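# Residue-level structure breakdown
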Amino acid sequence: MIQHPRTKGNEMRPAALAPLLLATLLAASPACAQTPTRAPTITHEILLTSEAGARQSPLANVPFSEGLAEGTVITIFPDSTKQTIEGIGTSFTESSAFVLAHLEPQQRRALMEKVYGESGANFTLTRTHIGACDFSVEGKYSYANEPGDRELKAFSIAPDIAGFDPVVYPGIADPGYDLLPMIQEALAIKQGQRDQELKIIASAWTAPAWMKDIETWYIPGSAANNWQGTGGALKPEYVSTYADYLVRYLDAYADAGVMLWGLTPVNEPHGVGGAWESMAFSPESQNDFVKYHLGPRLRNSKHADARLLIYDQNMDGLEKWADTIFADLETTPHVFGAAVHWYASTVNVFEDVLDRVPAKFPEFAIIHTEGCIDNLGTAASSSIGDPAGYTESGWFGNDAFWWNTTATDWAYTASWMGDGAAGHPMYTPVHRYARNIIVGLDHWIGGWVDWNIVLDRNGGPNHVGNFCGAPIMIDTSTREVYYTPIYHILAQFSRTIRPGDRAVWTRRELGGLGSDDLHACATINGDGLLSVQLLNTTKNAISCKLQIGGRYAEIVMPANSVQTVRVAM
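Each value, and the rule that gives it
Residues numbered from 1 in each chain as written. Predicted model: local features only at pLDDT ≥ 70, side-chain atom pairs only at ≥ 80, totals over all residues. Heavy atoms only, no water. Helix = DSSP H or I, 4+ residues; strand = E, 2+ residues; numbered from the N terminus. Buried < 20%, exposed > 50% of the residue type's maximum accessible area, 1.4 Å probe, protein only. Arc of directions from axis to C-beta. Contact = heavy atoms within 4.5 Å. Pairing = 2+ DSSP bridges. Axes fitted to C-alpha atoms, helices over the stretch in contact; angles between N-to-C directions. Phe/Tyr/Trp six-rings, centres within 6.5 Å; stacked < 30°, edge-to-face > 60°. Lys NZ or Arg CZ within 6 Å of the ring centre and 35° of its normal. Parallel < 35°, antiparallel > 145°, perpendicular 65-115°, else oblique. Left-handed = near helix turned anticlockwise from the far one by under 90°. Nonpolar A, V, L, I, M, F, W, Y, C, P; charged D, E, K, R; others polar. Salt bridge = Lys/Arg side-chain N within 4 Å of Asp/Glu carboxyl O. Core = buried A, V, L, I, M, F, W, Y, C linked by side-chain atoms within 4.5 Å. Disulfide = S-S within 2.5 Å. Polar contact = N/O pair within 3.5 Å; in protein donor to acceptor, adjacent residues only side chain to side chain. pLDDT = per-residue confidence, 0-100. Expected span 1.5 Å × (residues − 1).

## Quick notes on the overall build of the protein
- Of the regular secondary structure elements, the protein holds eleven helices and 21 strands.
- Looking at the protein as a whole, 61% of its 569 residues qualify as buried.

In structure tokens:
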């Protein structure tokens, strides 16, 4: 079996392992993998979520027949395993907590059970923000607001437990609810389960403003400077203080009963053009920060087991960061892997990058830590025009929005982007989620995290107007809860892809189908239960053969659907 070791502090040298891994991958690739000795006789479970209205719905099992299939074939190689899966999930944000604070505690608890409970999505991998982010209600806050406070004497996570004043925010039903109570409620739900672990990754959008060279949270762009704003960078004299700040945050959360599983030095180090809280690192400066400051601080703290993930931005830029940081043998003992996002394209999963990085650096994980439907409700400019049938808030309670080509990045076809528009056409939200997860897991992604779990019906609140879609959306005035199709897609994946499962090799033979019509990946657990995830992006049913060893099953995928086929090996 192919092993993908990712133990923190692994002594293996990446440069020396690269040729060995490449040879191993070739030897075990689907083209030359040996036929497994075990072959199933019938499927174990089939689940379907579709545009036609199925929501994680069970279907009848189908038998396997002897022989080698022809035509459209998905071949699975259960004995050739790849990376270990850390989990599937979504994120805690202040905006999500604010929306949930509008529900009565009993209604909110029922919702949280559907997210974290065993009978619900049962998410296992999550993320939260350290200090303010765009999905904060008012933004521009940190846990150390006293300028020059090198010893962090005034450090406090009070903003995460302050709650929301119903006088200031009419409609609040639970004034004491906030970001940290939301996380604690999720952990309380997990405590009653067989699988209790909830892995939380924490990411800071910025250091406190006084630690940065711009001495403010961010500077928005303007027409005068070609819209190029900035989030600034750490002042040299505060680099060490920022490392202390991150460890102090981990301490404070641990004292509140929340042990963080992972940490990234900063969210989106390339910056966001000064649109909201951010802070720049280069691969070289982040490497030095981890090697000389954050890594040693973590190692000498009670958080030595926290998984440190570098980068935390778009997939297409990962390789340069990996080449810089994963190749530094003084840094790598502190590093677990890299975090990536999907925003570089609405259609491209950058499989080439995802394959090359583990080929060179096999002991490091790649975790997807953020993705969402951008610019929900952002008005298109007069030069672009709205899509046919578009209406404001047309996504709330309207499943058709999520199953059809209605979503955009940067306002619809984005013709003003020039060549950059090619990767950002209008897209189908369900397809983007399912494609990114399925193709990502098939190309070494070890875990996948969505952005805000809950937002209001407009895709907020967001203190800079960066409204986005979420798996669950709530009308805060009526307390109506809408579980979007994205919720059901993520739940279906989470229920059938669990922590500790291993990805296995697959091979697609599409027959006469287009390259984006059918996508597949597969994972297997320690009990030999194989989960195959299938995405049909077309408006027609697709019939394909699922080949495992010397047997195959006929699988019919309804139009516009995500189907999970589970097989006991």
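There is more to say after this.
## Overview of helix α7 (residues 318-325)
- By the burial criterion, the buried members of α7 are L318, E319, W321, A322 and I325. Buried positions in α7, seen along its axis, are confined to an arc of 165° and lie on one side of it.
- Packing partners of the buried residues in α7 comprise α6 (283-299), β9 (307-314), β10 (337-341), α8 (351-360) and β11 (365-370).

## Looking at the sheet that holds β10
- Pairing within the closed barrel is parallel, and its eight strands lie in the order β5-β6-β7-β8-β9-β10-β11-β12. Neighbour-to-neighbour, the strand axes of the sheet open up by a mean angle of 30°, direction not taken into account.
- One ladder, built from three bridges, connects strand β7 (residues 199-204) with strand β8 (residues 262-264); its direction is parallel. Bridged to I201 within β8 is G262.

## Focus on the packing of aromatic side chains
- Scanning all chains against the criterion turns up 29 aromatic pairs.
- Ring geometry for F98 and Y169: centres 5.1 Å apart, planes at 80°, overall edge-to-face. Taken together, the residues span a long stretch of sequence, with F98 in helix α2 (residues 94-100) and Y169 in the loop between β6 (125-130) and α4 (179-191) at a distance of 71 residues.
- For the ring pair F326 and F364, a centre distance of 4.0 Å and an interplane angle of 10° mean the geometry is stacked. Linking F326 in the loop between α7 and β10 with F364 in the loop between α8 and β11, this pair joins segments that are 38 residues apart in sequence. Here F326 and F364 have matching classes, each one buried.
- Every member of this aromatic cluster is reached through a ring pair, and the members are Y141, Y143, F155, Y242, Y245, Y249, Y253, F281 and F289.
- Positioned above the aromatic ring of W451 is the side chain of R127, whose terminal nitrogen or guanidinium carbon lies 5.7 Å from the ring centre.

## Re the packing of helix α10 (residues 429-442) against helix α11 (residues 485-496)
- Where α10 meets α11, the closest approach of the two axes is 9 Å, and the angle between their N-to-C directions is 20°. Taken together, the axes of α10 and α11 are roughly parallel relative to one another. For the crossing formed where α10 meets α11, the hand is right-handed. On the side of α10, the interface is formed by P429, V430, Y433, A434, I437 and I438, while α11 contributes P485, I486, I489, L490 and F493.
- Tallied by class, residues from the contact of α10 with α11 come to eleven nonpolar, no polar and no charged.

## A short note on the pattern of salt bridges
- Under the defined criterion, the tally for this structure stands at 25 salt bridges.
- The salt bridge involving R108 is made with D174; its shortest N-O contact spans 2.8 Å. Linking R108 in helix α3 (residues 105-116) with D174 in the loop between β6 and α4, this pair joins segments that are 66 residues apart in sequence. Each of the two residues, R108 as well as D174, counts as buried.
- Linked by salt bridges that have partners in common, E319, D323, D352, R356 and K360 make up one network.

## Some points on the nonpolar core
- By size, the foremost hydrophobic cluster in this structure holds 132 residues, and its most contacted members are Y242, Y245 and F326.
- When residues in this core are grouped by element, the largest group, ten residues, is from helix α5 (residues 239-255).
- In terms of nonpolar packing, the next biggest core, distinct from the first, is built from 23 residues, A520, A522, I524 and L534 among them.

## Things to note about unusual backbone geometry
- Between G460 and the following residue, P461, the backbone shows a cis peptide bond with an omega angle of 5°.
- The phi dihedral of Q56 falls on the positive side, at around 55°, and the residue is not glycine.

## Comments concerning the sheet that holds strand β15 (residues 480-483)
- What the three strands build is an open sheet, ordered β13-β14-β15; its pairing is mixed. Strands with a single pairing partner mark the edges of an open sheet, and in this sheet they are β13 (454-456) and β15. When strand polarity is set aside, the average angle formed by the axes of neighbouring strands in this sheet is 25°.
- Of the strand pairs in this sheet, strand β14 (residues 472-475) and β15 are connected by four bridges, and their pairing is antiparallel. Of the residues in β15, the one forming a bridge with D475 is E480.
- Sheet strands touched by α3: β13, β14 and β15. Its angle to β15, the strand with the most contacts, is close to 5°.

## Brief notes about the state of the cysteines
- With the rule as written, the count across this model stands at zero disulfides.
- Free of any disulfide, C372 has its nearest neighbouring cysteine sulfur in C468, separated by 3.7 Å.

## Comments concerning the side chain of R498
- Here R498 shows up in the loop between α11 and β16 (502-509).
- The exposure class of R498 is buried, given its relative accessible area of 15%.
- Here S494 takes part through its backbone oxygen, which lies 2.9 Å from a polar atom of the side chain of R498.
- Those residues in contact with R498 that sit more than four places away from it in its chain are I85, A121, N122, T124 and D195.

## Description of the confidence of the model for the protein
- Put simply, the protein has an average pLDDT of 90, and 88% of its residues get 70 or more.
- Residue range residues 412-420 is modelled with pLDDT below 50. Its contacts to residues more than four positions away, or to other chains, number 23 contacts.

## Describing α5
- Across its 17 residues, α5 extends 25 Å between first and last C-alpha, which sits within 8% of the 24 Å expected from 1.5 Å per residue.
- Among the residues of α5, those classed as buried are V239, T241, Y242, A243, Y245, L246, V247, Y249, L250, A252, Y253 and A254.
- Buried positions along α5 lie against β6, α4, β7, β8 and α6.
- Once α5 finishes, G257 follows within two positions and takes phi at roughly 90°, a positive value.

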